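What the coordinates show
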Amino acid sequence: MPSNNSPSLAFEEAAYNSGRVRVAGIDEAGRGPLAGPVVAGAVVLPRGDGIPHGLNDSKKLSVRRREQLFEELMQCRGIIAAVGMASVEEIDSLNILKATHLAMKRAVLLLAKKADFCLIDGLPVPNFPVLHQAIVGGDSQSLSIAAASILAKVTRDRMMDEADQLYPVYGFSRNKGYGTKEHMEALRLYGPCPLHRRSFGPVAQLELPFP
């Protein structure tokens, strides 16, 4: 299987050659931020021509390129894609790892046509509803996972842009909920807002009520 930084369809083709009918790539965005949901993407790419060129780990792409590839994916004929998420409340009650797994499960179950095999970025997911293969660094190796990473990242970034309209003091449109210097200073001045993850240390240590 590929181990370089150029995603391919090698994992997908191996699954199809073993008799699988519909192979979905799964990835998440938003495990590390102090605010906002965790979002997972599930993508079944069409077989044959039509897959957008340049798919890669979303973290390796510029904002503009991610947005462009997102739109190309949404217009791609034959693609099957879905997004699942876990809320801030679920992150705080379950922990971020279990909430991430929940978002992934929701994403794959929302696919318009059921996947019978999944390629998941990272480690195996306990009690996942579909047989899967976990691939560490999968978003740099599998085109389906790379597509899912773009879907999840752009969806979540847009959600945080909307959150910035509700809570402008935190700069969510710029930091997407991550603990930047600007964000931490706003937390010290205003305390956490309803979108902050109270179970995360930097937020839990600040007791100021949001006005």
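Before any of the text, the structure's been laid out above.
Okay, so let's go over this structure.

What the five strands build is an open sheet, ordered β3-β2-β1-β4-β5; its pairing is mixed. Strands at the two margins of the open sheet, each flanked by one partner only, are β3 (80-86) and β5 (132-135). Direction aside, neighbouring strands of the sheet carry axes that sit 20° apart on average. With seven bridges connecting them, strand β2 (residues 38-44) and β3 associate as antiparallel partners. Its bridge partner lying in β3, Val43 is registered against Ala81.

This part is about unusual backbone geometry. When glycine is set aside, most residues are seen to have a negative phi, and most peptide bonds are trans. Phi at Asn95 takes a positive value of approximately 100°, unusual for a residue other than glycine. When you line up the elements, Asn95 lands in the loop between α3 (88-94) and α4 (96-109). By relative accessible area, Asn95 is classed as partly exposed at 36%. In this structure, Asn127 takes a positive phi of about 55° despite not being glycine. As for its placement among the helices and strands, Asn127 is situated in the loop between β4 (117-121) and β5.

Next up on the list: the pairing of β2. Of all seven residues making up β2, seven are buried, and the element is well covered by its neighbours. Alternating positions in β2 separate into two faces, Val38, Ala40, Ala42 and Val44 on one and Val39, Gly41 and Val43 on the other, with burial throughout.

On inspection of all chains with the given rule, the structure shows eleven salt bridges. Across the pair Lys153 and Asp157 runs a salt bridge whose closest N-O atoms are separated by 3.2 Å. A residue pair is termed a helical-turn pair when its members lie 3 or 4 positions apart in one helix, as Lys153 and Asp157 do in helix α5 (residues 143-166) at four residues. Residue classification places Lys153 among the buried positions, given a relative accessible area of 18%. One salt bridge connects Arg174 with Glu182, and the closest N-O pair in it is separated by 2.4 Å. In this structure Glu182 comes out as partly exposed when scored by relative accessible area, which is 35%.

Criteria and cut-off values
- Residues numbered from 1 in each chain as written.
- Predicted model: local features only at pLDDT ≥ 70, side-chain atom pairs only at ≥ 80, totals over all residues.
- Heavy atoms only, no water.
- Pairing = 2+ DSSP bridges.
- Helix = DSSP H or I, 4+ residues; strand = E, 2+ residues; numbered from the N terminus.
- Axes fitted to C-alpha atoms, helices over the stretch in contact; angles between N-to-C directions.
- Buried < 20%, exposed > 50% of the residue type's maximum accessible area, 1.4 Å probe, protein only.
- Salt bridge = Lys/Arg side-chain N within 4 Å of Asp/Glu carboxyl O.

Bear in mind that shape data such as this cannot, by itself, settle questions of function.
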